[in-house]
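Single-letter residue listing:
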Protein chains: 2
Amino acid sequence: MENYFLNKKIGIIGGGQLGQMMLLEAKKMGFYAVVLDPSEQCPCHSICDEHIVASFDDEQAFQLLAEKTDVITYEFEHINAKALEKLEAQGYKVYPTPASLEIIQDKLTQKETLLKAGLPVPEFMPVKSKEDMAKAGEIYGYPYMLKARTGGYDGKGNAVVKSYDHIDEAYRELGNGTIKLMAEKMIKFKMETSILACRSLNGDIAVYPVGDNIHIDSILHKTKVPANIPDEASKSAMKAASKVMEIFDGIGMFCVEMFVTNDNKILVNEIAPRPHNSGHYTIEGCITSQFENHIRAVVGLPLGDTSLISPTVMINILGEEGYSGKALVSGLDKALALKGTTVHIYGKTETKPKRKMGHITVTSNSVLKAEAIADEAFNYIKIRS
Amino acid sequence: MENYFLNKKIGIIGGGQLGQMMLLEAKKMGFYAVVLDPSEQCPCHSICDEHIVASFDDEQAFQLLAEKTDVITYEFEHINAKALEKLEAQGYKVYPTPASLEIIQDKLTQKETLLKAGLPVPEFMPVKSKEDMAKAGEIYGYPYMLKARTGGYDGKGNAVVKSYDHIDEAYRELGNGTIKLMAEKMIKFKMETSILACRSLNGDIAVYPVGDNIHIDSILHKTKVPANIPDEASKSAMKAASKVMEIFDGIGMFCVEMFVTNDNKILVNEIAPRPHNSGHYTIEGCITSQFENHIRAVVGLPLGDTSLISPTVMINILGEEGYSGKALVSGLDKALALKGTTVHIYGKTETKPKRKMGHITVTSNSVLKAEAIADEAFNYIKIRS
């Protein structure tokens with residue numbers, strides 16, 4: 001059987017930095033790519049073959065994207081899974097599958113699926129009222145986590161319920177009864193990690209090395225690879241990620257966020273059915289990046305080697321506080337003078353405080369050295385307006 | 001001093017695969033890019049911000065490109081250096097400089113410059129007539145090389161003068177007196193190599209590891225890195241490349257093709273003032289690729305680390321004999337299943353015999369292993385129509 005891969009056209013829903021980094025790999029391999037994104041100047045705009053400027057709930061635009069391409073994928077999980085299911089019902093290929101997306105979109109059904117499959121998760125329960133919140137407090141103690149079941153990211157959609165007296169405020173903060181909620185026991189962890197894994201159409205699974213994620217204000221700040229945890233914990237985390245790919249019948253890249261407890265046990269926190277910020281280190285740090293493997297998987301190609309080339313540290317570059325408007329980047333000259341430093345700038349025309357504008361990756365012969373260089377580079381780069 | 005790099009716009013003359021690989025790096029760093037190329041569907045078309053569809057001798061289009069951008073570079077050396085000089089005279093930045101380009105474009109002035117600087121080159125002389133050709137035969141013996149002084153590539157523009165009786169035919173073959181010629185002594189070499197080097201605006205020079213180039217029908221077939229030559233020869237080759245960057249006042253990537261003789265001496269053959277096919281291995285094989293370093297250099301950023309990550313072999317993918325027309329790529333599925341294999345496909349819509357359509361790169365823990373895998377991958381991939 002001959003497969004004429006050059007003629008495959010890829011549709012990507014979402015034209016942000018994740019879509020852009022997918023595209024850079026797709027173009028390297030010669031694929032034609034169509035992007036759907038409402039923003040005319042989104043990061044994907046200039047490097048895709050066609051840009052459908054439409055909102056993410058425009059089902060007609062989804063249909064058009066399907067008609068123009070051979071396979072559809074997406075860079076974020078908050079899209080209408082039902083609309084994707086309609087496309088699939090017409091015979092169009094959508095990866096990851098709408099069925100897996102739908103379960104994952106709802107953090108409650110996601111956790112229930114993980115629990116049923118025997119994966120370790122923090123204790124959780126659905127919350128439909130303030131009475132349920134009080135019950136959660138009795139069972140888990142305070143503080144515990146209150147989460148919107150759908151739509152959250154970068155800490156948005158989460159609230160810490162500090163005490164019984166705080167229930168009213170937390171309830172109001174998360175929609176005051178208008179959105180579906182769940183409660184989770186607060187986990188005392190020594191490290192947050194995320195395991196990137198990819199599954200191909202024929203069921204092969206490739207898992208990336210374990211990284212140590214450091215968040216600031218609930219936004220990923222830094223990923224250090226390899227993580228400083230015992231081999232046993234790394235292995236069990238990678239095994240859990242592999243199992244996640246199987247139970248969700250995942251196709252493409254998934255990110256499995258986990259907690260590592262003080263006694264080196266792992267607990268699965270959340271799943272993102274897409275390449276993830278915490279996997280940006282794979283571009284320079286691994287033989288095959290998460291973006292190349294995602295593209296390979298969704299077009300039906302075999303997966304590449306996920307081995308780490310050398311210790312790697314990634315730091316996010318966010319828009320500086322106090323600046324909004326046309327983005328100006330400075331400090332690249334000083335940052336790039338540091339050995340082993342690569343800087344990715346996403347080409348977003350507008351900056352605002354805490355907006356993800358780029359990232360720094362440093363490879364070196366130890367995590368400590370890579371981190372010291374990355375920290376220095378990070379101090380040089382400023383995104384202002 | 002603050003430098004706002006994101007706002008720098010880069011103009012690239014030539015929208016082929018070299019331009020495309022420059023662009024992929026430029027977009028990674030967030031730069032705006034305008035490409036000038038006569039072909040509406042050139043490989044750069046879909047990933048540049050603007051495409052000026054114009055011929056390479058259209059001075060008005062050059063002017064437009066200059067007005068739209070902050071710095072102009074180019075992916076091939078056969079362009080009108082005088083037109084670039086005019087832009088420079090108006091204050092526009094063009095790198096590599098038109099002055100260095102002009103000397104390099106003429107292989108005679110190029111060789112004279114190298115010789116004057118004390119670099120080892122094959123013996124050469126200008127040729128203005130068949131009488132000069134006979135004289136070259138007397139001095140160098142037969143066979144010797146007859147070369148068009150300008151415009152050649154991939155062996156085009158070169159003829160081997162086999163004997164005194166062959167002079168007429170070789171003279172006719174290279175324009176019959178209509179183009180400027182030179183003669184060169186035929187070198188008995190054990191290896192052809194090319195040293196990639198980059199020089200930044202502030203004069204820093206970074207040299208890549210030495211590769212062993214294998215040509216088939218005068219077209220590069222394979223590059224193996226590191227080359228299997230003594231350290232001394234590698235060092236003298238890298239030193240010579242560094243000197244080349246200085247004497248031509250080079251800015252950006254240069255490729256210095258050299259012969260390694262049986263007694264491990266090096267002779268400089270030809271210079272290309274741009275990233276080069278024999279440096280494609282640097283994308284996966286080195287910390288910073290030739291394309292990233294070229295972009296860094298022309299926008300005034302410091303150069304990245306050129307160290308080899310691991311032994312690497314690159315093989316070109318050419319259009320198969322007997323097929324012309326809409327390109328169909330097969331075998332990616334089998335090739336990418338091989339460990340450490342990356343396949344670049346340039347996205348050219350039309351194939352023809354021997355057209356450069358893509359390349360394979362394999363990294364492994366030895367050149368032998370990488371070569372075995374690359375050979376196998378190469379056998380799987382077919383470009384037909």
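Everything numeric in this text was worked out from a predicted model, so none of it was measured. (Residues numbered from 1 in each chain as written. Chains lettered and ligands numbered in written order. Predicted model: local features only at pLDDT ≥ 70, side-chain atom pairs only at ≥ 80, totals over all residues. Heavy atoms only, no water.)

Section: the overall build of chain A
In terms of regular secondary structure, chain A is built from 12 helices and 21 strands. Over its C-alpha trace chain A gives a radius of gyration of 21 Å, about what one expects of a compact globule, namely 21 Å for 385 residues. Along the first, second and third principal axes, the C-alpha atoms of chain A reach 60 × 50 × 45 Å. Taking all 385 residues of chain A together, the buried fraction comes to 61%. Summed over its atoms, the accessible surface of chain A is roughly 14,900 Å², and 50% of this surface lies on carbon and sulfur atoms. (Helix = DSSP H or I, 4+ residues; strand = E, 2+ residues; numbered from the N terminus. Rg over C-alpha atoms; globule rule 2.2 N^0.38 Å. Buried < 20%, exposed > 50% of the residue type's maximum accessible area, 1.4 Å probe, protein only. Areas by Shrake-Rupley, 256 points an atom, 1.4 Å probe, with all protein chains shown as cover.)

Description of the sheet that holds strand β3 (residues 50–52) of chain A
Residues and elements named next belong to chain A. One open sheet holds the 4 strands; their spatial order is β3-β2-β1-β4, and the pairing between them is parallel. Only two strands of the sheet have a single neighbouring strand rather than two, namely β3 and β4 (71–74). Strand-to-strand twist in this sheet, taken as the mean axis angle between neighbours without regard to direction, amounts to 25°. Judged from the 4 bridges that link them, strand β1 (residues 9–13) and β4 form a sheet pairing that is parallel. From the neighbouring strand, I12 faces β4, where its bridge partner is T73. Here helix α1 (residues 17–28) sits on the sheet in contact with β1, β2 (32–36) and β4, set at roughly 170° to β1. (Pairing = 2+ DSSP bridges. Axes fitted to C-alpha atoms, helices over the stretch in contact; angles between N-to-C directions. Contact = heavy atoms within 4.5 Å.)

Details of the packing of helix α3 (residues 81–89) of chain B against helix α4 (residues 98–105) of chain B
Residue and element names in this part refer to chain B. In contact at an axis separation of 9 Å, α3 and α4 are set at 170° when each is read in the N-to-C sense. One way to sum up the angle between α3 and α4 is to call them roughly antiparallel. Together, A81, K82, L84, E85 and E88 of α3 and P98, A99, L101, E102 and Q105 of α4 make up the contact between the two elements. Classifying every residue of the contact of α3 with α4 by side-chain character gives 5 nonpolar, 1 polar and 4 charged. (Parallel < 35°, antiparallel > 145°, perpendicular 65-115°, else oblique. Nonpolar A, V, L, I, M, F, W, Y, C, P; charged D, E, K, R; others polar.)

So, the packing of aromatic side chains
The description of an aromatic ring pair uses the distance of the two centres, along with the angle that the planes make with each other. Applying the stated criterion to the full structure yields 8 aromatic pairs over all chains. With a centroid separation of 6.4 Å and 70° between ring planes, the pair formed by Y140 of chain A and Y144 of chain A is classed as edge-to-face. The burial state of Y140 of chain A is the same as that of Y144 of chain A; both residues are buried. Ring centres 4.9 Å apart and planes at 15° place the aromatic pair F189 of chain A and F259 of chain A in the stacked group. With a gap of 70 residues between them, F189 of chain A in strand β9 (residues 189–199) and F259 of chain A in strand β13 (residues 252–261) connect regions that are remote in the sequence. Of note, K9 of chain B hangs over the ring of Y32 of chain B, and the distance from its end group to the ring centre comes to 4.4 Å. (Phe/Tyr/Trp six-rings, centres within 6.5 Å; stacked < 30°, edge-to-face > 60°. Lys NZ or Arg CZ within 6 Å of the ring centre and 35° of its normal.)

Re unusual backbone geometry
A cis amide bond, omega -10°, links Y142 of chain A with the succeeding residue P143 of chain A. Mapped onto the elements, P143 of chain A comes out in the loop between α6 (130–140) and β6 (144–148). In this structure, the amide linkage connecting V225 of chain B to the following residue, P226 of chain B, adopts the cis form with an omega of 0°. Mapping P226 of chain B onto the fold places it in the loop between β12 (219–225) and α8 (231–247). Even without being a glycine, S218 of chain A presents a positive backbone phi close to 65°. Within the element layout of this structure, S218 of chain A appears in the loop between β11 (211–216) and β12 (219–225). According to the relative accessible area criterion, S218 of chain A is partly exposed, its value standing at 45%.

What about the relation of the copies chain A and chain B?
Superposing chain A onto chain B takes a rotation of 180° plus a shift of 0.0 Å along the axis, which leaves an RMSD of 0.0 Å. In short, the pair behaves as if placed about a two-fold rotation axis. Considering only C-alpha atoms, the residue of chain A closest to the rotation axis is I47 of chain A, which sits at 1.8 Å. Interface overlap between copies is the fraction of interface residues in one copy that are interface residues in the other; for chain A against chain B it reaches 100%, indicating a shared surface. (Least-squares fit on C-alpha atoms with pLDDT ≥ 70 in both.)

A few points about the nonpolar core
Nonpolar side chains tend to gather and get buried jointly when the protein is soluble and globular. By size, the foremost hydrophobic cluster in this structure holds 92 residues, and its most contacted members are V343 of chain A together with V343 of chain B. Setting aside residues up to four positions removed in sequence, V343 of chain A forms contacts with I317, L332, A335, L336, H359, I360 and I381 of chain A together with K28 and M29 of chain B. (Core = buried A, V, L, I, M, F, W, Y, C linked by side-chain atoms within 4.5 Å.)

Things to note about the environment of E59 of chain A
All names here are of chain A. Position of E59 among the secondary structure elements: in helix α2 (residues 59–68). For the pair formed by E59 and N80, sequence separation is 21 residues and the distance between their alpha carbons is 8.8 Å. At 2.9 Å, the side chain of E59 and the side chain of K86 are in polar contact. (Polar contact = N/O pair within 3.5 Å; in protein donor to acceptor, adjacent residues only side chain to side chain.)

Comments concerning the interface of chain A and chain B
Listed by partner, the interface residues are 46 residues for chain A and 46 residues for chain B. Carbon and sulfur atoms supply 59% of the area buried between chain A and chain B, which totals about 3,800 Å² over both sides. For the pair chain A and chain B, the interface holds 2 salt bridges. The residue K339 of chain A makes a salt bridge to D305 of chain B at a minimum N-O spacing of 3.1 Å. If you look at where chain A meets chain B, you find 14 residue pairs in polar contact (both at pLDDT 80 or more). Here the residues of the side of chain A that touches chain B are counted per class, giving 20 nonpolar, 13 polar and 13 charged. (Buried area = accessible area lost by both parts, 1.4 Å probe. Salt bridge = Lys/Arg side-chain N within 4 Å of Asp/Glu carboxyl O.)

Let's talk about the pairing of strand β9 (residues 189–199) of chain B
Residue and element names in this part refer to chain B. Across the 11 residues that make up β9, a large majority, 9, are buried. Where β9 and strand β13 (residues 252–261) come together, 10 bridges link them in antiparallel fashion. Following the sheet pairing, E192 is matched in β13 by F259. Examined bridge by bridge, β9 and strand β11 (residues 211–216) share 3 bridges and lie antiparallel to one another. Bridge pairing in β11 places T193 opposite D212. Note that β9 and strand β10 (residues 205–207) share 3 bridges and pair antiparallel.

Considering the sheet that holds strand β1 (residues 9–13) of chain B
Residues and elements named next belong to chain B. The parallel open sheet is built from 4 strands, whose spatial order is β3-β2-β1-β4. Edge strands, defined here as strands with exactly one partner in the open sheet, are β3 (50–52) and β4 (71–74). For this sheet, the mean angle separating the axes of adjacent strands, direction not counted, is 25°. Of the pairings in the sheet, the one linking strand β2 (residues 32–36) to β3 comprises 3 bridges and is parallel in character. Residue pairing in the sheet places V35 in a bridge with H51 of β3.

Considering the state of the cysteines
For the structure on display, the rule yields 0 disulfides over all chains. With no disulfide of its own, C198 of chain A has C286 of chain A as its nearest cysteine by sulfur position, at a separation of 12 Å. C198 of chain A sits in the buried class, given a relative accessible area of 0%. For the unlinked cysteine C44 of chain B, the closest cysteine sulfur is that of C42 of chain B, found at 5.4 Å. (Disulfide = S-S within 2.5 Å.)

Bear in mind that shape data such as this cannot, by itself, settle questions of function.
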